[in-house]
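Descriptive structure summary
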Amino acid sequence: MKTALIAGGSLWARVRAGGEPDDDVILGCLRTKLAVVAEDERDDGRRQVLNLGHTVGHAIEAATGYARYRHGEAVGLGLLCALRLSDRDALHAEVGELLAARGLPQRLEGATPAEVAALVSRDKKRKGDGVPFVLVAAPGEVTPGHEVDPQALLAAIEEIAR
């Protein structure tokens with residue numbers, strides 16, 4: 001889902017249609033990642049879009065002792081937070097439904113929102129007073145480097161903890 005959101009277009013259309021990923025979807029995701037990396041080999045620009053959902057996802061993994069969620073599950077929860085922070089309600093709901101259809105978690109368990117938010121603030125990508133977030137305007141329109149209000153972040157994490 002994350003890579004298809006980055007790619008947009010036909011790849012996102014195939015993923016949002018549901019069903020199990022086939023070879024074409026997997027190859028589309030690989031091609032998207034390869035194209036992004038080729039465009040920014042030093043990870044100082046566009047390549048950062050591959051971190052979509054990872055900032056909160058990594059904090060969730062750490063807050064739960066790397067035992068509660070698999071990496072992709074934590075990133076899925078982080079993706080929900082990123083979509084909330086992006087103010088994309090319809091897309092947030094759609095991704096939540098896609099996660100549910102695949103039996104993936106949609107709720108944070110095993111850590112408090114405050115614990116997760118505190119770990120986000122110590123993220124390795126931190127610059128100055130904040131952590132840059134990858135946000136989504138629409139499928140295929142994903143951009144890095146956004147400042148996020150700490151209260152908005154906490155509210156997004158609280159939402160997945162309900």
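A quick note: this is a predicted structure, and the numbers were derived from the prediction, not measured. (Residues numbered from 1 in each chain as written. Predicted model: local features only at pLDDT ≥ 70, side-chain atom pairs only at ≥ 80, totals over all residues. Heavy atoms only, no water.)

A separate point is the overall build of the protein. In terms of helices and strands, the protein carries eight helices and two strands. Counting helices and strands in the order they occur from the N terminus, the protein gives α-α-α-α-α-α-α-β-β-α. In terms of C-alpha radius of gyration, the protein reaches 15 Å, essentially the compact-globule figure of 15 Å for 162 residues. The principal-axis extent of the C-alpha atoms belonging to the protein is close to 40 × 35 × 30 Å. In the protein, buried positions account for 44% of the 162 residues. Of the roughly 8,500 Å² of accessible surface on the protein, 50% is carried by carbon and sulfur atoms. (Helix = DSSP H or I, 4+ residues; strand = E, 2+ residues; numbered from the N terminus. Rg over C-alpha atoms; globule rule 2.2 N^0.38 Å. Buried < 20%, exposed > 50% of the residue type's maximum accessible area, 1.4 Å probe, protein only. Areas by Shrake-Rupley, 256 points an atom, 1.4 Å probe, with all protein chains shown as cover.)

With that settled, consider a nonpolar patch on the surface. Together, I26, L27 and L30 give the surface a local cluster of nonpolar side chains, amounting to about 250 Å² of exposed area. Tracing the sequence through the fold places L30 in helix α3 (residues 23–39). (Patch = residues over 30% accessible without salt bridge, like charges linked within 9 Å, V, L, I, M, F, W, Y side chains within 5 Å. Salt bridge = Lys/Arg side-chain N within 4 Å of Asp/Glu carboxyl O.)

Along the chain, the position of H54 falls in helix α4 (residues 54–63). Looking at H54, the relative accessible area reads 12%, which means it is buried.

The full count for this structure, using the stated rule, is zero aromatic pairs. For R68, the ring lying beneath its charged end belongs to Y69, and the centroid distance is 4.7 Å. (Phe/Tyr/Trp six-rings, centres within 6.5 Å; stacked < 30°, edge-to-face > 60°. Lys NZ or Arg CZ within 6 Å of the ring centre and 35° of its normal.)

Here the focus is the packing of helix α2 (residues 9–16) against helix α6 (residues 89–101). Look at α2 against α6: their axes get within 11 Å of each other, and the N-to-C directions meet at 55 degrees. Considering their axes alone, α2 and α6 lie oblique with respect to each other. Packed against α2, whose contacting residues are W12, V15 and R16, the element α6 presents L91, E94, V95 and L98 at the interface. Residues that form the contact of α2 with α6 fall into these classes: five nonpolar, no polar and two charged. (Axes fitted to C-alpha atoms, helices over the stretch in contact; angles between N-to-C directions. Parallel < 35°, antiparallel > 145°, perpendicular 65-115°, else oblique. Contact = heavy atoms within 4.5 Å. Nonpolar A, V, L, I, M, F, W, Y, C, P; charged D, E, K, R; others polar.)

Here we take up the pattern of salt bridges. Charged atoms that come close allow side chains of opposite charge to pair. Evaluated as defined, the whole model comprises seven salt bridges. The partner of E73 in a salt bridge is R70, and the shortest N-O contact between them spans 2.8 Å. A relative accessible area of 14% places E73 in the buried class.

Attention shifts here to the side chain of T32. Within the secondary structure, T32 sits in helix α3. In terms of polar contacts, T32 uses its side chain to reach the backbone carbonyl oxygen of G28, at 2.9 Å. (Polar contact = N/O pair within 3.5 Å; in protein donor to acceptor, adjacent residues only side chain to side chain.)

Chain-level statistics for the protein give a pLDDT mean of 93 and a share of 100% at 70 or above. Across the protein, helix α5 (residues 71–85) holds the top mean pLDDT of 97, while α3 sits lowest at 94. (pLDDT = per-residue confidence, 0-100.)

Before going further, it helps to spend a moment on the nonpolar core. Across soluble globular proteins, nonpolar side chains have a tendency to be buried as a group. Core analysis: the biggest nonpolar cluster contains 44 residues, and L52, V56, I60, V116 and F133 have the highest contact counts within it. Residues contacting F133, with those up to four places away along its chain left out, are T55, V56, L85, V120, T143, P144, G145, H146, V148 and L153. (Core = buried A, V, L, I, M, F, W, Y, C linked by side-chain atoms within 4.5 Å.)

It is worth spelling out α3 at this point. Here α3 contains 17 residues, and its C-alpha end-to-end distance of 24 Å stays within 8% of the 24 Å for a straight helix at 1.5 Å per residue. For α3, the N-terminal capping position is held by D22, with its side-chain oxygen 3.1 Å away from the main-chain nitrogen of D24. (Expected span 1.5 Å × (residues − 1).)

Peptide bonds are trans in most cases, and residues, glycine excluded, mostly fall at negative phi. A positive phi angle, near 55 degrees, is found at Y66, a position not held by glycine. Relative to the helices and strands, Y66 is located in the loop between α4 and α5. By relative accessible area, which is 60% here, Y66 ends up exposed. Of note, the phi angle at D87 is positive, near 60 degrees, even though the residue is not glycine. Secondary-structure assignment places D87 in the loop between α5 and α6.

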